[in-house]
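Spelled out, the chains give:
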Amino acid sequence: QGQPLVQMWHVLLLATLAGVIQAFDMPARQAFIIQPVPKEDLNNAIALNSLSFNAARVIGPSLAGIIIALFQKLRPGHQAFGEGMCFFLNGLSFFAVIVQLLRMDRQSLPQHSPATAESSLADGIGYLLGRRHLVYLIVTAGVVSFTALPYLVIIPAVAKDLLGGDATTLGWLMTSVGVGAILGGLRQARRQKVRGLGRVIVRALMGFSIVIFLLGWQRNTLVMCAGFMAAGFFMVNAMISAQILVQALVSEQYRGRVMSYYTMMTIGMMPFGSLVVGAEARHFGTDIAL
């Protein structure tokens, strides 16, 4: 039948380009989020921004699965038609963001002085190293992204290998994580104070670790759903708290660069952790990987 229209190197190239674009987009967006928001609502805005990101990262795959199955039924003779429609709809969704950015009144936004000639990458690293609490937060976020967030990657293996289920089972597990993430994000969005967020991070990470550890012994779908809901709740609480703390503690002049480092650790480390967790699941089993 000849070569398929979409080959593996196309997907790898697209993923690489998407990663490069995100490297510009995410730090700029996180640094910009504070500008149109009144100071008294800043913590809530940061929490809602992080909620939308974390919830979408969990809910998105579930929604994609539904779209793939739906369009595949409509065009059964076309291989990967559903996956192609996911890419198409994802591209269309960005127009809503672009329109809203163009509708903003830029003159009403706070004006910040441009960076000086001395404001270099090394200057930003020097600023960060001089503030130990920011270093601890960013390193912690990187470790969590490498060791904990990849639990999302092996949920399909949990559904198949540990529960003996199918796509419906996977859908229930992913939905449970999404519900927990939304509940955790809404809880943080109601929080008014920064004080105490360090303790929230510690407790949330401890709760997440215990839940995921115990799920390695479970073979009941209902218990698994409840456990993954709790895991989503704890993880989103920890990540939102960390982002709020970083945003609250950084100086305005260095906000863009510090958020770049934070994004590099939170987003950049997860794919490497996913590779490790996937290898563990393959060689030692999904339960041991958990």
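For the structure, see preceding data.
S.K.: So what's going on with the packing of helix H7 (residues 167–189) against helix H9 (residues 221–249)? Residues and values would help.
M.R.: The contact between H7 and H9 brings their axes to 7 Å, and the two run at 35°. H9 is crossed by H7, and the crossing has right-handed handedness.

S.K.: Describe H7, listing the residues and the values that go with them.
M.R.: For H7, built from 23 residues, the straight-helix expectation of 33 Å at 1.5 Å per residue is met to within 8% by its first-to-last C-alpha distance of 32 Å. Listed in full, the buried residues belonging to H7 are Thr 169, Leu 173, Met 174, Ser 176, Val 177, Gly 178, Gly 180, Ala 181, Gly 184, Gly 185, Gln 188 and Ala 189.

S.K.: Talk me through the side chain of Thr 169; I want residue IDs and the actual numbers.
M.R.: By the secondary structure assignment, Thr 169 is in helix H7. The exposure class assigned to Thr 169 is buried, which follows from its relative accessible area of 13%.

S.K.: Summarise the packing of helix H5 (residues 132–147) against H9; cite the residues concerned and give the values.
M.R.: Running from N to C, H5 and H9 cross one another at 150°; their axes reach a closest spacing of 10 Å. Taken together, the axis directions place H5 and H9 in an arrangement best described as roughly antiparallel. Considering how the two elements wind past one another, H5 and H9 form a crossing that is left-handed. Residues His 133, Leu 134, Leu 137, Val 144 and Ser 145 of H5 lie in contact with H9, whose contacting residues are Met 235, Met 239, Ala 242, Leu 245, Val 246 and Leu 249.

S.K.: Please provide a residue-by-residue account of the pattern of salt bridges, values included.
M.R.: Opposite charge on two side chains permits them to pair, given that their charged atoms come into close proximity. Under the definition given, this model contains three salt bridges. In this structure, Asp 25 engages Arg 29 in a salt bridge whose closest nitrogen and oxygen atoms are separated by 2.8 Å. Here Arg 29 and Asp 25 lie together in helix H1 (residues 8–32), a separation of four residues that amounts to about one turn. Assessed through its relative accessible area of 35%, Asp 25 is described here as partly exposed. Across the pair Asp 287 and Arg 219 runs a salt bridge, and its minimum N-O distance is 3.4 Å. Taken together, the positions of Asp 287 in helix H12 (residues 286–289) and Arg 219 in the loop between helix H8 (197–215) and H9 put the pair 68 residues apart, joining distant regions of the chain. Classification of Asp 287 as partly exposed rests on a relative accessible area of 27%.

S.K.: Quick one: what's the story with the environment of Ala 189, residue by residue and with numbers?
M.R.: The topology assignment puts Ala 189 in helix H7. Distance in space between the C-alpha atoms of Ala 189 and Leu 51 is 8.1 Å, their sequence separation being 138 residues. Excluding anything up to four places from it in sequence, Ala 189 contacts Asn 44, Ala 47 and Leu 48.

S.K.: Tell me about the nonpolar core, and please be specific about residues and values.
M.R.: Ranked by internal contacts, the top residues of the largest apolar core, which has 62 residues, are Tyr 151, Leu 173 and Phe 228. When residues in this core are grouped by element, the largest group, 13 residues, is from H9. Not counting chain neighbours up to four residues away, the residues in contact with Tyr 151 comprise Val 177, Phe 208, Ile 212, Phe 228, Ala 231 and Gly 232.

S.K.: Before we move on, could you go through the packing of aromatic side chains and cite the residues and values that matter?
M.R.: Per the stated rule, a full pass over the model turns up six aromatic pairs. Ring geometry for Tyr 127 against Tyr 254: centres 4.2 Å apart, planes inclined by 5°, an arrangement best described as stacked. Of this pair, Tyr 127 sits in helix H4 (residues 121–129) while Tyr 254 is found in the loop between H9 and helix H10 (255–268), placing the two residues 127 residues apart along the sequence. Their ring planes at 65° and their centres at 5.1 Å tell us that Phe 213 and Trp 217 sit as a pair that is edge-to-face.

S.K.: Outline a positive patch on the surface, listing residues and values.
M.R.: Residues Lys 193, Arg 195, Arg 199 and Arg 203 make up a contiguous surface patch of positive charge. On the secondary structure map, Lys 193 appears in the loop between H7 and H8.

S.K.: Describe in detail H4, supporting the description with residues and values.
M.R.: Along an α-helix, residues three or four apart share an orientation, since each turn contains 3.6 residues. Looking only at H4, the buried set comprises Gly 124, Tyr 127 and Leu 128. The buried side chains of H4 occupy one side of the element, clustering within an arc of 95° when seen end-on. For H4, the exposed residues lying more than 90 degrees away from the buried face are Ala 122 and Leu 129. Among the structural elements, H5, H9 and H10 are those in contact with the buried residues of H4.

Cut-offs and rules
Residues numbered from 1 in each chain as written. Predicted model: local features only at pLDDT ≥ 70, side-chain atom pairs only at ≥ 80, totals over all residues. Heavy atoms only, no water. Axes fitted to C-alpha atoms, helices over the stretch in contact; angles between N-to-C directions. Helix = DSSP H or I, 4+ residues; strand = E, 2+ residues; numbered from the N terminus. Left-handed = near helix turned anticlockwise from the far one by under 90°. Expected span 1.5 Å × (residues − 1). Buried < 20%, exposed > 50% of the residue type's maximum accessible area, 1.4 Å probe, protein only. Parallel < 35°, antiparallel > 145°, perpendicular 65-115°, else oblique. Contact = heavy atoms within 4.5 Å. Salt bridge = Lys/Arg side-chain N within 4 Å of Asp/Glu carboxyl O. Core = buried A, V, L, I, M, F, W, Y, C linked by side-chain atoms within 4.5 Å. Phe/Tyr/Trp six-rings, centres within 6.5 Å; stacked < 30°, edge-to-face > 60°. Patch = residues over 30% accessible without salt bridge, like charges linked within 9 Å, V, L, I, M, F, W, Y side chains within 5 Å. Areas by Shrake-Rupley, 256 points an atom, 1.4 Å probe, with all protein chains shown as cover. Lys, Arg positive; Asp, Glu negative; His and termini not counted. Charge placed at Lys NZ, Arg CZ, Asp CG, Glu CD. Arc of directions from axis to C-beta.

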